[in-house]
Amino acid sequence: MQAGSKKSSQTLSAGSANVVELANISKSFPGVIANRDISLQVARATIHAIVGENGAGKSTLMKILYGLHQPDSGTILVNGVLTQFKSPSEAMDAGIGMVHQHFMLADNLTVLENIILGSEPTKFGVLSLGDARKHVKDLATSIGVEIDLDLPISELGVGQRQRVEILKVLFRGAEILVLDEPTAVLVPQEVDELFANLRKLVANGTTILFISHKLDEVLAISDAITVIRQGSTVATVSPKSVDRLKLAELMVGSDLPSHGKRATKVGEKVQLAARNLTVIAKDRKNPIQDISFEVFESEIVGIAGVDGNGQFELCEALLGLVASQGTIEIGGSDVSDLSIRERLDQGLAYIPFDRHREGLMLAASLWENALLGHEASLSRGPMIDLISAKNSCREIIERFGVMTPNELVPAFVLSGGNQQKLVVGRNLATAPKVLIAAHPTRGIDVGAQAAVWEEIRRSRDAGMSVLLVSADLEEVLGLSDRILVMFDGEISAEIDPKSATPQILGKYMTGTQ
Amino acid sequence: MSQNINSQRNFNSMRKSLNTLGSSVSAIILALIICGVLLLVTGKDPFAAYGKILETGLTSDKFLEMLKRATPLIFSAIAVAIGFKMNLFNIGVEGQYLFAALIAAEMGTHVSLPRPLHILFILVVAMISGAAWASVAAFLKIVRGINEVISTIMLNYIALSFIQWLFETFFRDNSDGGLNVKTTKIAPSGRMPDLVHDRLNGMFIIALLVAFLYWIVVFRSRFGFQLRASGLNPIAARTAGIPANRMILIALMLSGAVAGLVAMSAVIGDVYGYGPSAIATQFGFAGISVALLGRNHPLGIIGAAMLFGFLDSTSAELQLSGIPSSIVKVIQAIIVLVVVIVNEASSRRYNRRTAERAALALKSLDI
């Protein structure tokens, strides 16, 4: 730690008006230009937001600043000094710290242990926790964070874990903090707390680079906003001079997709029903407890909630991936005792939470990926019907606008959005009765998102029932005919999307009401 | 447009095959260089050793011996490859084939059938026995979640002792006062005919047939697709309704069934029975090497089995001319090590190039 503070005081003494200056940064990966001629000036002790669609090049730019990638061309000035970081540790030595979207904490260690992990203070080779404890306490107090340093991480909520990550970076002497989508995992109330902490940090002289695509938050917190589109900087604006719409236009380069009201009516017939559904866990609280709901024909029911409140287990139970108590009905018939395959054959389709983990075979060709789950209908006797399988994949590519040279390339060459379109297409192509869509547009760009939403709406209008699980409130509010809020394994509220606001939803999602 | 896509498709698959072949061949050359250095360090002339291998290997006698030695390796490697395709590591081919050899040899003496049926009966018994032994590991994995690598290795030891006991207690032919350490000889109707008298028997043809069936089943059938999907991404396969446990059971039993054929060229082609010293061991482990070298592709496996058979066939002559015959095993081992490394490097390169080409193709299509 001592070494860390010395370093940061050195960098401070080299001070200039702009703490970070990136000039003409370009970076290309095989076949993709991620950053093109990006320039960016960040003033000391400000919150500078970098906004852009997913895939616009925000993360690449930050990884370059953090030493995870090296730019093909361009210069980086930190505190007025020309630098070239070959690794994150060099960036850290220069006072740059990064808080990743996915936390990297050891669950079974305490808060304090996690914070000092990797830069443990020692005296004569022996761990000296006393000094560290005091230092961390001071840090926490100075930014208004209240946290019990001796609690194991596993007992903390998402918001607190994030605070631990921030403290960890500060402990290492970071003067420049890069936050990658820090609010993606937080509910509105937690976001407010985070922002209060960040404002204190800035008051203490820290500079914050804030990556986001949530425009309201960006407008609320930042001192300057740089918009990136397709790898290039579009503009740097002051939040006072723009509004949400203007910012969105800069970001997307065109109008926002409209959330057109539906023309058709919700049907009469119950297509998917869960009655007193419970998933039993042995050594912890049941992940879902006594859940009952119905989804009618031609209806989208949204399940809103912060990740980890039982949505995942609910989907797994409905699909048959985990054992559950209670009954599940598809199209009016009880499927509780059926296998996954038999449930799918009853007209169920599933867009999984994580396309890489649960949806795709990345090393296999697109047509094989499109075939997954539909082997029976695309076979002739015991043999795969290669021609039909490839044709059916080509149809999906065409109908859902998957950008690919052909159906023979392996799935890993596609961008995330196109992979997702393939997964969505695979599930909608067979016109299922019931669709469970978990985060159907997570991590894909606005264009692909609009396309996926449009396809889901169109299938709903044709009579499909949809259970839409999403943490993206815009998505839940925009698509759903009815919203159920899940909190702590139970359904805490049923809300009409027309009267719902993010604030109301946030209250139910955090269990404060 | 469709013609364009077709030619693109042929181009793609050809490129992949060439890439695979290229990396395997370069691995073999690299292995030979490393072995040459090893020979040089130990004071032997590598050129003399390689010259001797080529000289003895390239006679017509040795060609037949190569095929003969390749036969059990093809079965063994395909047994291993079936597991590999589902990310299951069947290290238990060794135990499975030895168990199958004993049971099939013994059962073969208890029936009297006309020739083709008698042979077929023995082969089917061998396959069932191999599958049964492999199913133990499958059950342990499904019911108790025990890693098949560990269980199949342990089951090899159990198999060896179990076979020993079965043989000594029940199946040994004691008709000539304990001199004969074999089972009763299988009647002529149960013996596999030779392709070339005393040099090569019909099991070689069956090995080629099994390789072809492996290709059809694994790469073209619905079951094979489910098998490969379970290997490529087990969670996605399960989410798509492919029953994981059933796939594990079927894959391991299929693997065991093919393993059951490994020793058949000896049991019904040479020895006409089972004997602890008459039936060669270690094919189960060599099969892992061959499957790796052949990259789990039937043609690759046949080629790799031939290469190993070729090297094995020269070892006796090497010994006679003062070069340690174990150099053959060293070459084989180094080839496999190098292949694993080179394959990894070349598949990364291939993936990167594929991504680049796809991006370029997209750009040129301008969609």
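Residues numbered from 1 in each chain as written. Chains lettered and ligands numbered in written order. Predicted model: local features only at pLDDT ≥ 70, side-chain atom pairs only at ≥ 80, totals over all residues. Heavy atoms only, no water.

All names here are of chain B. Throughout the structure, instances matching the rule amount to 1 cavity of 30 Å³ or more. Lining the largest cavity we find Lys68, Thr71, Asp194, Asp198, Arg199, Leu200, Asn201, Met203, Phe204, Ser265, Gly269 and Asp270. Of all the elements in the fold, those that place two or more residues in the lining of the largest cavity are helix H3 (60-84), strand S2 (200-201), helix H7 (203-220) and helix H11 (264-271). Looking at the lining of the largest cavity element by element, the count peaks at 3 residues for H11. (1 Å grid on protein atoms, 1.4 Å probe; cavity = no way out; pocket = protein on both sides within 12 Å on 5 of 7 lines; lining within 4 Å. Points joined across faces, edges and corners; volume = space filled by probe spheres on them. Helix = DSSP H or I, 4+ residues; strand = E, 2+ residues; numbered from the N terminus.)

A few words now on the packing of aromatic side chains. All names here are of chain B. Counting across every chain of the model gives 13 aromatic pairs over all chains. Their ring planes at 85° and their centres at 6.1 Å tell us that tyrosine 214 and phenylalanine 219 sit as a pair that is edge-to-face. You'll find tyrosine 214 and phenylalanine 219 in the same group, each marked buried. Ring-pair connections join several aromatic residues into one group, and the members of that group are Phe99, Trp133, Phe162, Trp165, Phe170 and Phe171. Here arginine 191 stacks its cationic end above the ring of tyrosine 272, 4.2 Å away from the centre of that ring. (Phe/Tyr/Trp six-rings, centres within 6.5 Å; stacked < 30°, edge-to-face > 60°. Buried < 20%, exposed > 50% of the residue type's maximum accessible area, 1.4 Å probe, protein only. Lys NZ or Arg CZ within 6 Å of the ring centre and 35° of its normal.)

Turning next to the confidence of the model for chain A. Any segment with low pLDDT has predicted coordinates that should not be analysed in fine detail. All names here are of chain A. Here chain A averages 85 in pLDDT, while 91% of its residues score no lower than 70. When the elements of chain A are averaged for pLDDT, helix H1 (residues 2-13) gives the smallest value, 41, and helix H13 (residues 366-371) the largest, 96. Predicted confidence for residues 255-259 stays below pLDDT 50, and this span has 11 contacts to residues more than four positions away or in other chains. (pLDDT = per-residue confidence, 0-100. Contact = heavy atoms within 4.5 Å.)

On to the sheet that holds strand S6 (residues 96-99) of chain A. Paired through backbone hydrogen bonds, the strands of a sheet run either parallel or antiparallel to each other. All names here are of chain A. If you trace the 6 strands from one edge of the open sheet to the other, you get S6-S9-S10-S3-S11-S12, paired in mixed fashion. At either margin of the open sheet sits one strand with a lone partner, and together these are S6 and strand S12 (232-237). For this sheet the average axis-to-axis angle between neighbouring strands, irrespective of direction, equals 20°. Bridge analysis of strand S3 (residues 47-51) against strand S10 (residues 207-212) gives 5 bridges, and the strand direction is parallel. Bridge pairing links isoleucine 50 to isoleucine 211 in S10. Sheet strands touched by helix H2 (residues 58-65): S3, S6, strand S9 (176-180), S10 and strand S11 (224-229). Its angle to S10, the strand with the most contacts, is close to 150°. The sheet strands contacting helix H7 (residues 188-203) are S3, S9 and S10, and the helix crosses S10 at an angle near 145°. (Pairing = 2+ DSSP bridges. Axes fitted to C-alpha atoms, helices over the stretch in contact; angles between N-to-C directions.)

What follows concerns the interface of chain B and chain A. Taken together, the contacts link 34 residues of chain B with 40 residues of chain A. Summing the contributions of chain B and of chain A, the shared interface buries around 3100 Å²; its carbon and sulfur component is 68%. Here chain B is connected to chain A by 1 salt bridge. In this structure, glutamate 368 of chain A and arginine 228 of chain B form a salt bridge, with 2.9 Å as the shortest nitrogen-oxygen distance. Remark: the boundary between chain B and chain A carries 11 residue pairs in polar contact (both at pLDDT 80 or more). Per element, the largest residue contribution to the side of chain B that touches chain A is 10 residues, and it comes from helix H15 (residues 326-365) of chain B. In terms of residue class, the side of chain B that touches chain A is built from 18 nonpolar, 9 polar and 7 charged. (Buried area = accessible area lost by both parts, 1.4 Å probe. Salt bridge = Lys/Arg side-chain N within 4 Å of Asp/Glu carboxyl O. Polar contact = N/O pair within 3.5 Å; in protein donor to acceptor, adjacent residues only side chain to side chain. Nonpolar A, V, L, I, M, F, W, Y, C, P; charged D, E, K, R; others polar.)

Another aspect to go through is the pattern of salt bridges. Applying the stated criterion to the full structure yields 30 salt bridges over all chains. Across the pair arginine 275 of chain A and glutamate 294 of chain A runs a salt bridge, and its minimum N-O distance is 3.2 Å. One end of the pair, arginine 275 of chain A, is in strand S13 (residues 270-279); the other, glutamate 294 of chain A, is in strand S14 (residues 288-296), and 19 residues separate them in sequence. A relative accessible area of 30% means that arginine 275 of chain A is categorised as partly exposed. One salt bridge connects glutamate 344 of chain B with arginine 348 of chain B, and the closest N-O pair in it is separated by 3.5 Å. Pair noted here: glutamate 344 of chain B and arginine 348 of chain B are both in helix H15, with a separation of 4 residues, about one helical turn. Overall, the relative accessible area of 42% leaves glutamate 344 of chain B in the partly exposed class.

A separate point is the nonpolar core. Counting 145 residues, the largest nonpolar core has Ile78, Met264, Val267 and Ile268 of chain B as its most contacted members. It is H3 of chain B that contributes the most residues to this core, 14 residues altogether. Ignoring any residue separated from it by four or fewer positions in sequence, one finds methionine 264 of chain B in contact with Ala100, Ala101, Ala104, Ile122, Leu123, Ala126, Met203 and Gly269 of chain B. Ranked by size, the runner-up nonpolar core spans 48 residues in total, among them Leu186, Val218, Ile221 and Met251 of chain A. (Core = buried A, V, L, I, M, F, W, Y, C linked by side-chain atoms within 4.5 Å.)

All names here are of chain B. For aspartate 198, which is not glycine, the phi dihedral falls at a positive 60°. Secondary-structure assignment places aspartate 198 in the loop between strand S1 (194-196) and S2. Judged by relative accessible area, which is 60%, aspartate 198 ranks as exposed. Despite not being glycine, glutamine 282 has its phi angle at roughly 80°, a positive value. In this fold, glutamine 282 is placed in the loop between H11 and helix H12 (283-293).

So, about the sheet that holds strand S17 (residues 333-334) of chain A. Residues and elements named next belong to chain A. In space, the 4 strands of this open sheet follow the order S14-S13-S16-S17, with antiparallel pairing throughout. Lying at the two open borders of the sheet, with one neighbouring strand each, are S14 and S17. Bridge count between S13 and S14: 6 bridges; the pairing is antiparallel. Paired with leucine 272 across the bridge in S14 is valine 295. Of the strands in this sheet, S13, S14 and strand S16 (325-330) touch helix H10 (residues 311-319), which is tilted by about 115° from S13.

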